[in-house]
Amino acid sequence: MIVMENVYKKYPNGVVAVNGIDVEIEQGEFVYVVGQSGAGKSTFIKMMYREEKPTEGKIIVNGVDITKLKNSKVPLFRRNIGVVFQDFKLLPKLTVYENVAFALEVIEESPRIIKKRVMSVLDLVNLKHKARMFPTELSGGEQQRVSIARAIVNSPSLVIADEPTGNLDPENSWEIMRVFEEINARGTTIVMATHNKEIVNEIKHRVIAIEGGTIVRDEQRGEYGYEV
Ligand code: ADP
Ligand code: ADP
């Protein structure tokens, strides 16, 4: 589902964040991306949803070479990808329900389908009872669950998460993992950059370790492998 060939990313300031990556990720895989701060993890995953373009190399996602995609086609391409951030990025003036419904309203789904899908994903993240609340009325763990509901409401085939548990306590982090495990069990590919050693070592999945912009380790059912 994701293929990178000979991928490099040099930012305009001259920093080479990704320095020659070749990788393949199959549909349905769960992949942790680990490595020290500044290793290039965010840049690596941002290139998967065309948030950053590589300076060199080829990136195929779902059969499409996204390095050649016109900017005007990017929104359509992203409909099949859910993205989850460390800082949630919810819209503060919208309720939980409206935050999740937003993506479906943009693509003009019917109100009946929107309601059904929004309530179904809120149920999956155990937040149906808070549909009318605003993000500021929720705990951090709850806000992250809303952001996951928003990411998956379109039934994307790929979910990309950049340190989704970075701002959460252990209990909330495990709850986020329960949701990811469940959507992965339904066939969704998950790519998750993380510093959470406990989670990576406990819930075993493929581990891609990045250092200095290259992949230094790629193991099925791998270990975290760093002290922090
Ligand atoms: P990680 O996610 O592993 O912390 P990043 O991909 O964020 O790594 O960063 C890799 C390198 O690229 C770092 O040296 C960082 O400072 C640099 N970098 C990241 N984003 C930008 C940017 N937009 N412009 C310039 N340099 C950047
Ligand atoms: P957690 O233990 O998950 O971190 P909190 O202790 O922050 O949760 O919150 C416990 C409950 O109180 C949550 O269900 C949350 O929705 C609710 N809550 C937290 N802050 C507010 C607030 N400012 N207004 C209304 N409800 C809140």
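As the structure is a computational prediction, the values presented were derived from the model and not from experiment.

Trainee: Run through the site of ligand 1, naming residues and quoting values.
Mentor: If you check the shell around ligand 1, you find Tyr11, Asn13, Val15, Ala17, Gln36, Ser37, Gly38, Ala39, Gly40, Lys41, Ser42 and Thr43 and nothing else. Glycine 40 places a polar main-chain atom, nitrogen or oxygen, 3.0 Å from an oxygen atom of ligand 1. Compared with its free state, where it exposes 560 Å², ligand 1 has 63% of that area covered by protein. The greatest single-element share of the shell around ligand 1, amounting to three residues, is contributed by helix α1 (residues 41-46). Within the shell around ligand 1, the residues separate by chemical class into four nonpolar, seven polar and one charged.

Trainee: Outline the domain arrangement of the chain, listing residues and values.
Mentor: How big an interface is tends to be stated in terms of accessible area lost as the parts join. Assigned domains within the chain: domain 1 (1-80 + 156-228) and domain 2 (90-155). Measuring from the centre of the C-alpha atoms in domain 1 to the corresponding centre in domain 2 gives 24 Å. Facing 16 residues of domain 1, the contacting portion of domain 2 comprises 13 residues. Roughly 1200 Å² of surface becomes buried between domain 1 and domain 2 when both sides are summed, with 68% attributable to carbon and sulfur atoms.

Trainee: Describe the UniProt feature "domain: ABC transporter" (unreviewed entry) in the chain, and please don't skip the residues or the numbers.
Mentor: As annotated by UniProt and renumbered to match this structure, "domain: ABC transporter" (unreviewed entry) occupies residues 2-228. Secondary structure across residues 2-228 comprises 31% helix and 26% strand; the distance between its end C-alpha atoms is 28 Å.

Trainee: Would you mind going over the site of ligand 2 in detail, with residue names and values included?
Mentor: With respect to spatial proximity, the complete set of residues near ligand 2 consists of Lys130, Thr136, Glu137, Leu138, Ser139, Glu142 and Asn172. One of the side-chain N or O atoms of lysine 130 is found 2.3 Å from an oxygen atom in ligand 2.

Trainee: Mind laying out helix α3 (residues 96-106), listing which residues take part and the relevant values?
Mentor: Considered for burial, the residues of α3 that qualify are Val96, Asn99, Val100, Ala101 and Leu104. Of the surrounding secondary structure, the elements contacted by the buried residues of α3 are α4 (111-124) and α5 (140-152). Backbone geometry just downstream of α3 places glutamate 108 in the positive-phi region, at approximately 60°.

Trainee: Requested: an account of the pattern of salt bridges, with residues and values cited.
Mentor: Where charged atoms of side chains with opposite charge meet at close range, the side chains can pair. Tallying each qualifying case throughout the model produces 15 salt bridges. Linking arginine 145 and glutamate 175 is a salt bridge whose minimum nitrogen-to-oxygen distance equals 4.0 Å. Here the residue arginine 145 occupies a position in helix α5, and glutamate 175 occupies one in helix α6 (residues 170-185), the gap between them amounting to 30 residues. Each member of the pair, arginine 145 as well as glutamate 175, is classed as buried. Between lysine 197 and glutamate 227 there is a salt bridge, with the nearest N and O atoms lying 3.5 Å from each other. Taken as a pair, lysine 197 in helix α7 (residues 197-202) and glutamate 227 in the segment after β10 (214-219) lie far apart in primary sequence, 30 residues in all.

Trainee: I'd like to hear about α5, residue by residue, with values.
Mentor: In a regular helix each residue adds 1.5 Å, so 13 residues correspond to 18 Å; α5 covers 19 Å between its end C-alpha atoms and thus fits that length. Across the 13 residues that make up α5, a large majority, 12, are buried. Listing the buried residues of α5 in full gives Gly141, Glu142, Gln143, Gln144, Arg145, Val146, Ser147, Ile148, Ala149, Arg150, Ala151 and Ile152. As for α5, its buried residues are in contact with β6 (81-84), α3, α4, β7 (158-162) and α6.

Trainee: With reference to specific residues and values, describe the nonpolar core.
Mentor: In this structure, Tyr32, Leu122 and Phe180 are the most contacted members of the largest nonpolar core, which totals 42 residues. Formed jointly, this core draws a minimum of three residues from each of two domains, domain 1 (1-80 + 156-228) and domain 2 (90-155). Ignoring any residue separated from it by four or fewer positions in sequence, one finds leucine 122 in contact with Val96, Tyr97, Val100, Leu127, Lys128, Ala131 and Ala149. Membership of the second largest hydrophobic core comes to 30 residues, among which are Ala39, Phe44, Leu69 and Ile208.

Trainee: Provide a residue-level description of a nonpolar patch on the surface, including the pertinent values.
Mentor: Judged by side-chain polarity, Leu91, Phe102 and Val106 come together as a nonpolar surface patch covering roughly 270 Å² of accessible area. Relative to the assigned elements, valine 106 resides in helix α3. Accessibility expressed as a relative area gives 56% for valine 106, which makes it exposed.

Trainee: Please give an account of the sheet that holds β10 that cites residues and values.
Mentor: To summarise the sheet geometry, strands pair through backbone hydrogen bonds and adopt either a parallel or an antiparallel arrangement. Spatially, six strands are ordered β6-β7-β8-β3-β9-β10 in an open sheet, and the strand pairing comes out mixed. Edge positions in the open sheet fall to β6 and β10, since each of these has one partner strand only. The mean angle between the axes of side-by-side strands here comes to 15°, regardless of whether they run parallel or antiparallel. Relative to strand β8 (residues 189-193), strand β3 (residues 30-34) runs parallel, the two being bridged by four bridges. Bridge pairing links phenylalanine 30 to isoleucine 190 in β8. Its contacts with the sheet put α5 on β6 and β7, and the angle it makes with β6 is roughly 165°.

Thresholds applied
- Residues numbered from 1 in each chain as written.
- Chains lettered and ligands numbered in written order.
- Predicted model: local features only at pLDDT ≥ 70, side-chain atom pairs only at ≥ 80, totals over all residues.
- Heavy atoms only, no water.
- Near = heavy atom within 4 Å.
- Polar contact = N/O pair within 3.5 Å; in protein donor to acceptor, adjacent residues only side chain to side chain.
- Areas by Shrake-Rupley, 256 points an atom, 1.4 Å probe, with all protein chains shown as cover.
- Helix = DSSP H or I, 4+ residues; strand = E, 2+ residues; numbered from the N terminus.
- Nonpolar A, V, L, I, M, F, W, Y, C, P; charged D, E, K, R; others polar.
- Domains from an automatic or database assignment.
- Contact = heavy atoms within 4.5 Å.
- Buried area = accessible area lost by both parts, 1.4 Å probe.
- UniProt positions renumbered as here; feature names shortened; annotations may be inferred.
- Buried < 20%, exposed > 50% of the residue type's maximum accessible area, 1.4 Å probe, protein only.
- Salt bridge = Lys/Arg side-chain N within 4 Å of Asp/Glu carboxyl O.
- Expected span 1.5 Å × (residues − 1).
- Core = buried A, V, L, I, M, F, W, Y, C linked by side-chain atoms within 4.5 Å.
- Patch = residues over 30% accessible without salt bridge, like charges linked within 9 Å, V, L, I, M, F, W, Y side chains within 5 Å.
- Pairing = 2+ DSSP bridges.
- Axes fitted to C-alpha atoms, helices over the stretch in contact; angles between N-to-C directions.

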